[in-house]
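Coordinate analysis (summary)
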Amino acid sequence: MHGFHGRFLHVDLDSGRPQWRETGEERLRGFVGGIGLGTSLLYEFAPPGVEPLAPENPLVFASAPLAGTGLTTTAKYAVVTKSPLTGFIADSLSSSFFALAIKAAGLDALVVTGRAARPVYLLVHDGAAELRDARHLWGKSAAEAESTVRAELEGAAVRVAAVGPAGENLVRFATISNEGRHAGRGGVGAVMGSKNLKAVALCGNQCVETADPEGVATAAAALRQRSLGPHTAKYREVGTVANLAVFDRLGALPARNFQQPTFDAADELSGESLTETSFSRRNGCASCTIRCERLFKASSGGEQRMEYETLFALGPLCGLEDREAVLEAARLCDGYGLDSISTGGTLAWAMECAERGLLPEAGGLRFGAAEAVLDAIPAIAERRGVGDLLADGSRRAALALGHDSLDWAMQVKGLELPGYEPRSLKTMALGLAVSPRGACHNRSGAYEADFSGKVDRLDSAPPRGALVAASEDFAAALDSLIVCKFLRNCFQDFYAEAADLLAKVTGWDYGAAELRLAAERIHTLKRRFNEREGWQPEDDALPPRVLTESLATGVARGTRLTRDELRDMLRDYYDAREWDEDGRVSEAKLKKLGLSA
Amino acid sequence: MTGESDTVGSAVVLAGGKSSRMGRPKAMLPFGEEPLVALVVRGLAAVFPDVVVVAAPGQELPELPATLVRDEVAYQGPVGGIRYGLEACRSAAAFVTSCDVPFLDLSLVSHLAARLPDHDVVVPHWEGRLQPLHAVYRRSVLPLLERQLQRGELRPVFLYDKVRTLTLAEDEVRALDPDGWSFFNMNTPEDYERALARWRETPASAPGGGAGRCEVELFGVARLRARTGRVSVELPREATLAHVWSALALKLPALVGPVLTETADGLTAGHVCNLNGRDFVRDGSRRVAPGDRVLLMSSDAGG
Ligand code: SF4
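Residues numbered from 1 in each chain as written. Chains lettered and ligands numbered in written order. Predicted model: local features only at pLDDT ≥ 70, side-chain atom pairs only at ≥ 80, totals over all residues. Heavy atoms only, no water.

Turning our attention to the overall build of chain A. Along chain A, the regular secondary structure elements total 25 helices and 17 strands. In summary, chain A has a C-alpha radius of gyration of 22 Å against a globular reference of 25 Å for 597 residues, a match within 12%. Across its three principal directions, the C-alpha atoms of chain A cover 60 × 55 × 50 Å. Scored against the burial criterion, the 597 residues of chain A give a buried share of 65%. Put simply, 69% of the contacts in chain A that link residues at least 6 apart link residues at least 24 apart. Surface summary for chain A: the accessible area is close to 19000 Å², and the carbon and sulfur share equals 47%. (Helix = DSSP H or I, 4+ residues; strand = E, 2+ residues; numbered from the N terminus. Rg over C-alpha atoms; globule rule 2.2 N^0.38 Å. Buried < 20%, exposed > 50% of the residue type's maximum accessible area, 1.4 Å probe, protein only. Contact = heavy atoms within 4.5 Å. Areas by Shrake-Rupley, 256 points an atom, 1.4 Å probe, with all protein chains shown as cover.)

Here it is as structure tokens:
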């Protein structure tokens, strides 16, 4: 077999027994790898209706066919499980050397089930798996755990993914981290913590051969060349933080818990001004020529990585104007292992509750209250005081608090919204409403249509459904091969070129049509998983604020997104997907995709 | 050529030419409330930080926002004027024109400037003739011009064989100035009457005639490359986005290549403009009106 090992490891923490299983060529062809492979394994291993934090919920780490081939931006892996935040699928990506180590350790994927009796870490080296005591790592940040394990296994080229205190304490938006990168959304870290699994350490020398090494090398050179062209200039020269100022001008920057789509201190917090005044260093994932990551100097000394989503969520969304406070808040989230989007989203909800007098013990949380934010983040990670409520995310916290506070919990399916204002980006609005993992900007790039000029972003006229469906499938293909989404515009004919890469790596006769079908299959299986776990039509929704309040500031001031508009867009989408009119995957579609039982 | 600056930061206006058939100095022909030379200089000053006016000894001129030099030797034709003008320039290259051109098209001027890299002279064709007094020259041609003057070669075209000259085909010119009003100059009272008539109809089409300005805000790569976040651009009448790009290329040459195409008539892949926070546009023919706000940004909004 080329491109894969053909086997994955299932470790049951209850028994401590590792079990090797065949991955199966049919599964690989049909689900490609990464998110696709992870979804397929989740579907198989999760008992229907499983509690996300119960031992039986599988935590899947999935490698991908392009990982380890040297192709630019492909050192990535997927983490897939049932989300403790949404109760639906959580499918997150992370990257860099740990991704390469999954392959090198001889795995197509790792499935972890059960719960260890006490904290452990899992070590897989050259095909052998063992559980090791991790009591000395408990309470440490992921980065500390990573360096401790690496030091203990000195001599082995080991790579480690770990949870921080937030994961240990079952914060429902805890991350899994490796090398400063995070599988961020949906609370995959809480699932890992619930298993008493502090870390996974991998090493080995198990190369995967590609079917056509020369062809792969040629393609890699061409892709590298393109990755340095104008399409990626934003990521190479500024990074994702470039979004902030532009979004402000477009009335698309959610601020103060989505009460306004612009922010007074946008220029102060902008990626451009951060770059001009505080740039420290550029960094990137392993095997990447784009290197979009930016670190900025903090006045306290030291440096902090910053991405747009973190900047938006901890800055404008919480009304924080002081960039030092935002950098510090980001540092805390990284250290404790918290998804910065959900942290910001949940804090912003709490701020609004506090300002409305509904949350008396809010620890001083108010829009713009930097000190209170810096106190609240550790409290969330350690589930102290109001932090215990907030650690469950905005939806659960709102349900616990009551008083209509769910109306301003800015989440879909329980996942807090990213920094794209739905009312002024209406294709994105639909994308957020229907995404299987909740309000997500990664598993589809629906906003691309809004920024393209192909549609009027302030209007919801068709064909939004087809655009969103195409974007989801495109993302499913990227996320399963895995190719970084920031390379997405460097292809002329994506499906043909990507299928050709896959063919060169695996030796399969694989064409654009098969890849398209696989992408649709992957997306559909996520949806099927959600249906199995209790999805109802009302779960494809947007927060009430988005559907009732018009935009208060900026160029799109006065723009609304009505319930009728959303309903029409949803119909258009289900239609484009050829699903039932209430959004259930039709039997015919399942058949076509080879997914019927 | 490495290390060569391609910045066209100067404009030279030759004001001292003969006006025998006109019967009075062309530079002082009134257009509205101001003399022609003032109109031309004002238009060029909107895009060039440095404007040089070359006048004859003793020639009467109004107050101008420009450096004034006198063509000291008795009239030596355009080559002499170009020479004096280039000498006084502060930039590595200059756009050179006569003063009797009421309908200069700033987007065409910007386009010529954008074509300078790897050349010493950029000169357009119009109606089968080269237009040396609507052309861009590098200062580095000065020694050659001096030798030409010593030999009495008073026509600019003698220079063109000796240096890297780019002649722009008429089609390329027409794309920006379809009727060639840029090259309309006045030699007789009848020409002046015609010009005045057109000017009264569409005063904004004249340089500095003031259709108005638009504000351009730069983001991301554009802002970091240009080292500025905002610029204001003078618009001709019926301006398009292509006019804005040409003007940007001239004001912020660092954008050419990374953000604007080499010929400054388009955006590189990965960039897009937004008009007034509303429409995303990459098409250069899109109209831009005075007071519009143009955002120049990455077209990839991924975060
Ligand atoms: S572009 Fe950025 S996120 Fe993507 S692989 Fe490179 S460094 Fe990682």
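Looking now at the pairing of strand 12 (residues 197-203) of chain A. Residues and elements named next belong to chain A. The element strand 12 is extensively covered by neighbouring structure, given that seven of its seven residues are classed as buried. Where strand 7 (residues 120-125) and strand 12 come together, six bridges link them in parallel fashion. The residue bridging Leu123 from the neighbouring strand is Ala201, located in strand 12. Here strand 9 (residues 159-162) runs beside strand 12; their pairing, made up of four bridges, is antiparallel. When the sheet's bridge partners are listed, Val160 is paired in strand 12 with Ala201. (Pairing = 2+ DSSP bridges.)

Quick look at the site of the ligand now. The immediate surroundings of the ligand are formed by A:Thr73, A:Lys76, A:Gly284, A:Cys285, A:Cys288, A:Ile290, A:Arg291, A:Cys292, A:Cys484 and A:Phe486. When grouped by side-chain class, the residues that make up the shell around the ligand number six nonpolar, two polar and two charged. (Near = heavy atom within 4 Å. Nonpolar A, V, L, I, M, F, W, Y, C, P; charged D, E, K, R; others polar.)

Quick look at the packing of helix 2 (residues 77-88) of chain B against helix 4 (residues 142-151) of chain B now. Geometrically, a packed helix pair is captured by the angle between its two axes and the distance between the axes. All names here are of chain B. As a packed pair, helix 2 and helix 4 sit with axes 10 Å apart at the nearest point and diverge in direction by 145°. Of the two elements, helix 2 crosses helix 4, and the hand of that crossing is left-handed. Along its contact with helix 2, which presents Val79, Gly80, Ile82, Arg83, Leu86 and Glu87, the element helix 4 presents Leu142, Leu145, Glu146, Gln148 and Leu149. Of the residues in the contact of helix 2 with helix 4, the class split is six nonpolar, two polar and three charged. (Axes fitted to C-alpha atoms, helices over the stretch in contact; angles between N-to-C directions. Left-handed = near helix turned anticlockwise from the far one by under 90°.)

With 35 residues of chain A at the interface, the matching set in chain B holds 25 residues. Here B:Asp300 makes a salt bridge to A:Arg488, at a shortest N to O gap of 3.0 Å. The interface formed by chain A and chain B holds 17 residue pairs in polar contact (both at pLDDT 80 or more) in total. Of all the secondary-structure elements, those providing two or more residues to the side of chain A that touches chain B are helix 8 (233-237), helix 9 (243-249), helix 11 (271-278) and helix 19 (447-450) of chain A. Element by element, the count of residues in the side of chain A that touches chain B is highest for helix 9 of chain A, at five residues. (Salt bridge = Lys/Arg side-chain N within 4 Å of Asp/Glu carboxyl O. Polar contact = N/O pair within 3.5 Å; in protein donor to acceptor, adjacent residues only side chain to side chain.)

All right, on to the pairing of strand 14 (residues 293-297) of chain A then. Residues and elements named next belong to chain A. Counting buried residues in strand 14 gives four out of five residues, a clear majority hidden from the surface. Looking at chain direction, strand 14 and strand 15 (residues 303-306) are connected through four bridges and run antiparallel. Looking at the pairing, Leu295 lines up with Arg305 of strand 15. The turn linking strand 14 back onto strand 15 is made up of five residues, and Gly301 within it adopts a positive phi angle of 90°.

This paragraph deals with the domain arrangement of chain B. All names here are of chain B. We note that the domain assignment places domain 1 (4-205) and domain 2 (212-302) within chain B. Inter-centroid distance (C-alpha atoms) of domain 1 to domain 2 is 26 Å. Listed per partner, the contact involves 16 residues of domain 1 and 13 residues of domain 2. At the boundary of domain 1 with domain 2, the tally comes to zero salt bridges. Taken together, the connections running from domain 1 to domain 2 amount to two residue pairs in polar contact (both at pLDDT 80 or more). (Domains from an automatic or database assignment.)

What follows concerns the packing of aromatic side chains. Going through the model one piece at a time under the given rule, you end up with 28 aromatic pairs over all chains. Note on A:Tyr420 and A:Tyr447: the rings are 4.5 Å apart at their centroids and 20° apart in plane angle, and the pair reads as stacked. Of this pair, A:Tyr420 sits in the loop between strand 17 (415-416) and helix 18 (426-434) while A:Tyr447 sits in helix 19, placing them 27 residues apart in sequence. Note on accessibility: A:Tyr420 and A:Tyr447 belong to one class, buried. A cation over a ring is seen here: B:Arg83 above B:Tyr84, with NZ or CZ 4.9 Å from the ring centre. (Phe/Tyr/Trp six-rings, centres within 6.5 Å; stacked < 30°, edge-to-face > 60°. Lys NZ or Arg CZ within 6 Å of the ring centre and 35° of its normal.)

Right, let's get into the environment of B:His271. Residues and elements named next belong to chain B. Along the chain, the position of His271 falls in strand 13 (residues 271-275). Owing to a relative accessible area of 1%, His271 belongs among the buried residues under this scheme. A sequence separation of 29 residues divides His271 from Asp300, and the C-alpha atoms of the two residues are 7.8 Å apart. Ignoring anything within four residues of it in the chain, the contact list for His271 reads Val221, Pro258, Val259, Arg282, Met297, Ser298 and Ser299. Of the polar contacts made by the side chain of His271, one reaches the side chain of Thr268; its length is 3.1 Å.

The next thing to look at is the pattern of salt bridges. Applying the stated criterion across every chain, the model contains 65 salt bridges over all chains. We note a salt bridge from A:Arg567 to A:Asp564, for which the minimum N-O separation is 3.2 Å. Note that A:Arg567 and A:Asp564 are positioned in helix 24 (residues 563-577) at a spacing of three residues, about one turn of the helix. Judged by its relative accessible area of 37%, A:Arg567 is partly exposed. Between B:Glu172 and B:Arg115 there is a salt bridge, with its nearest N and O atoms 2.8 Å apart. Here the residue B:Glu172 occupies a position in helix 6 (residues 170-174), and B:Arg115 occupies one in the loop between helix 3 (106-114) and strand 7 (121-126), the gap between them amounting to 57 residues. A relative accessible area of 22% places B:Arg115 in the partly exposed class. Where salt bridges share partners, they join A:Asp248, A:Arg249, A:Asp267, B:Glu217, B:Arg230 and B:Arg293 into one cluster.

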